[in-house]
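For reference, the chains in residue letters:
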Amino acid sequence: MVIETEILPFWQWLLYGGSDDAFGALPWFFIAMITAGVVALLGGYLISAVRHGPIEGGDRTYRVVVGGLKNLLVLSPRRVYALARLTVQESLRRHVLVTLAVFLLILMFAALFLRIDQPDPFKLYVSFVLTATTYLVLLMALFLSVFSLPNDIKNRTIYTVVTKPVRPGEIVLGRMLGFAFVGTAVLAVMGLASYVFVVREIGHTHAIAAQTLQDAEGGGQKGRTETANAHRHDVTIDREGYGRTDSVQGHWHEVTQTGSREDAQYDVGPPQGVFLARVPVLGKLRFIDRLGEDKPRGISVGNEWGYRSYIEGGTQAAAIWTFDEVTPGRFEDGYLPIELTIRVFRTHKGDQDSIDRGILGSIVLRNPQTGLQSEMQSFRAREYYVDQQYVSRKLLDSDGNPIDLFDDLTHNGQLEVWVQCLKDEQYFGMAQADCYLRPRNQSFTVNFFKGFSSIWVQMLVVVAFGVMCSTFLSGPVAMMFTVAILVMGLFKDFMLRIATGDVYGGGPIESLIRIVGQQNLMSELNTGDVTTTVIRTADAVITFPMWVVASILPDFRGLSKVRWVSEGFDISPSLLAQDVSVSLAYLVGLFVVGYFFLRTREVAK
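All values reported here derive from a predicted model rather than from experimental measurement. (Residues numbered from 1 in each chain as written. Predicted model: local features only at pLDDT ≥ 70, side-chain atom pairs only at ≥ 80, totals over all residues. Heavy atoms only, no water.)

### Regarding the packing of aromatic side chains
Turning to step 1, where the next piece is worked out: The full count for this structure, using the stated rule, is 23 aromatic pairs.
Turning to step 2, where the next piece is worked out: Geometrically, the ring pair formed by Tyr335 and Tyr390 is edge-to-face, given 5.4 Å between the ring centres and 75° between the ring planes. Of the two residues, Tyr335 is situated in strand 12 (residues 335–340) and Tyr390 in strand 16 (residues 387–392); the sequence distance between them amounts to 55 residues.
Turning to step 3, where the next piece is worked out: Classification of Tyr390 by relative accessible area gives partly exposed; the value is 41%.
Turning to step 4, where the next piece is worked out: One residue, Arg557, lies across the ring of Phe491, its end atom 5.5 Å from the ring centre. (Phe/Tyr/Trp six-rings, centres within 6.5 Å; stacked < 30°, edge-to-face > 60°. Helix = DSSP H or I, 4+ residues; strand = E, 2+ residues; numbered from the N terminus. Buried < 20%, exposed > 50% of the residue type's maximum accessible area, 1.4 Å probe, protein only. Lys NZ or Arg CZ within 6 Å of the ring centre and 35° of its normal.)

Structure representation (structure tokens):
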């Protein structure tokens, strides 16, 4: 995983937006609400004018809008609470707790099917519990929200509500809050059960296999652990009785020896390096080509995804990251943790060693002012693997002289990290987020439940859409409509890129013609100048409403934080606040829309 976009501070995101945005999220929200209101007002007037004439239609529209706004301002919290409580009771009668029972049953048997001998079992287990929870909770929210109100209308049980002094807005808001409470309670139990499951399955220790211990050079011992969780480690213990294992399945263990050699006892600690919540510090990236000249980007290897560019191996080509605020106070442990997620492009398979162990690369630290460089440190780059480098404060320069990381290689807190590919005819692909510093970690436990809060955010949006659709559609139709919104929300980014022409192959019609004619996506459309113009004009007509719909849709893929937690990245409070604000904005907007739909619907009249 890479963090491709900068995470803005919450207030900047809310009020001003990023450098490419004209407004912040709050101004855009008001613009969207005003635009939707104007469109709805015009549409309502036209319908009313057709039915009752232009004057009577205008009068009816005015009374509906003014009366509706007045009713929205005088909602009764007591009646909303009562309706929300009835909604909770209704959900319990509809056996909503079956969802929780199914989830607990899945966890009971999950360990039988999830392989613990995977290269990264932590990622597998965390992804599993978060994904399973997401599907179950969203399906539960979907079925509860879309069928409740239509069933009440169909069974005429809503008559006992609307004949009392209860406003339509209170009905809609009570339903939304009641379903949200049920989903929150179920999600909280799932989160606790999932956390216990993950910690219990991933947390483990080892015993030292005493028969494998041998004396090591310079004192101390070397040996191996016994097998646990389908793996074992090599162990190195120094003469003082302290040591550690090698890294297997993305983790290692600390080892402590007590007692003499004959009566020695070995304590192997819990796994280190798995329960992480990284806080990455990103730098600014630039490139040097094979001739040593500065370039804003590397070269292209023909990959359609242009996020990364590449450097050529065995040449002067390098990717250079410049980091700020590299100070001893920020890196208190006395070393600099660097993590790399480099992509490898092979022009040939290479020898067996390079296939198994990756492509050889190098890291050099450089002072951006004086040009002083550290001694080259090599590493092996592998696809979809986070390479961790811990650079000691005491280093050697390129001539073998001792230097200090912070005193000699930084200038006003700035440090350059140069990465090169050392293998001829091979390439490293890199983007700005592929190299970062990790000065600290946040609590994994807190981050785990932040991941569940992202599921809660999605649940609120589904509930809001489901209740809104149920105010004017029958249950099955409301379900299909809400499912369509959910599916399209998962592909919102792709729809926006199609609508804005930011994809290869053109718009929908042009892409269909290319598919039928088996034409290359990168070549010019081969239909003639006039026909091509007509096709692209038709695509422009189609893509505009597509852009409008995609802009309104919630970005469910962006709201999901499964990969953040499973790959060990901290979900920042600012990002979490942004997602919660987005869900509340949908809740408010859909509540208003649902209220007007229900108010204009003939219920118990």
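From this point, things continue past the structure.
### Some details on the sheet that holds strand 19 (residues 415–421)
Turning to step 1, where the next piece is worked out: With antiparallel pairing, the six strands of this open sheet are ordered in space as 9-8-11-19-14-15. The sheet is open, and its two edges are formed by strand 9 (294–295) and strand 15 (377–381), each paired on a single side.
Turning to step 2, where the next piece is worked out: In terms of strand pairing, strand 14 (residues 359–366) meets strand 15 through five bridges, oriented antiparallel. Across the sheet, the residue bridging to Leu360 is Arg380, located in strand 15. (Pairing = 2+ DSSP bridges.)

### Here's the deal with the sheet that holds strand 13 (residues 343–346)
Strand-to-strand pairing in sheets goes through backbone hydrogen bonds, with the strands running parallel or antiparallel.
Turning to step 1, where the next piece is worked out: With antiparallel pairing, the three strands of this open sheet are ordered in space as 10-20-13. Because the sheet does not close on itself, it has two edges, and the strands there are strand 10 (309–312) and strand 13. Neighbour-to-neighbour, the strand axes of this sheet turn through a mean angle of 30°, independent of strand direction. (Axes fitted to C-alpha atoms, helices over the stretch in contact; angles between N-to-C directions.)

### Section: the packing of helix 8 (residues 168–202) against helix 18 (residues 573–600)
Turning to step 1, where the next piece is worked out: Helix 18 packs onto helix 8 with a crossing angle of 135° between their chain directions and a minimal axis gap of 8 Å. The orientation of helix 8 with respect to helix 18, classified from their angle, is oblique. Two packed elements cross with a definite hand, and for helix 8 against helix 18 that hand is right-handed. Along its contact with helix 8, which presents Pro168, Gly169, Ile171, Val172, Leu173 and Met176, the element helix 18 presents Leu587, Leu590, Phe591, Gly594, Tyr595, Leu598 and Arg599.
Turning to step 2, where the next piece is worked out: Of the residues in the contact of helix 8 with helix 18, the class split is 10 nonpolar, two polar and one charged. (Parallel < 35°, antiparallel > 145°, perpendicular 65-115°, else oblique. Left-handed = near helix turned anticlockwise from the far one by under 90°. Contact = heavy atoms within 4.5 Å. Nonpolar A, V, L, I, M, F, W, Y, C, P; charged D, E, K, R; others polar.)

### Quick look at unusual backbone geometry
Leave glycine aside and you will find that most residues have negative phi; peptide bonds, for their part, are mostly trans.
Turning to step 1, where the next piece is worked out: In this structure, Asn412 takes a positive phi of about 55° despite not being glycine.
Turning to step 2, where the next piece is worked out: Its place among the elements puts Asn412 in the loop between helix 10 (405–408) and strand 19.
Turning to step 3, where the next piece is worked out: A relative accessible area of 72% places Asn412 in the exposed class.
Turning to step 4, where the next piece is worked out: At Glu425, a residue that is not glycine, the phi angle is positive and equals roughly 65°.
Turning to step 5, where the next piece is worked out: You can see Glu425 is positioned in the loop between strand 19 and strand 20 (426–430).

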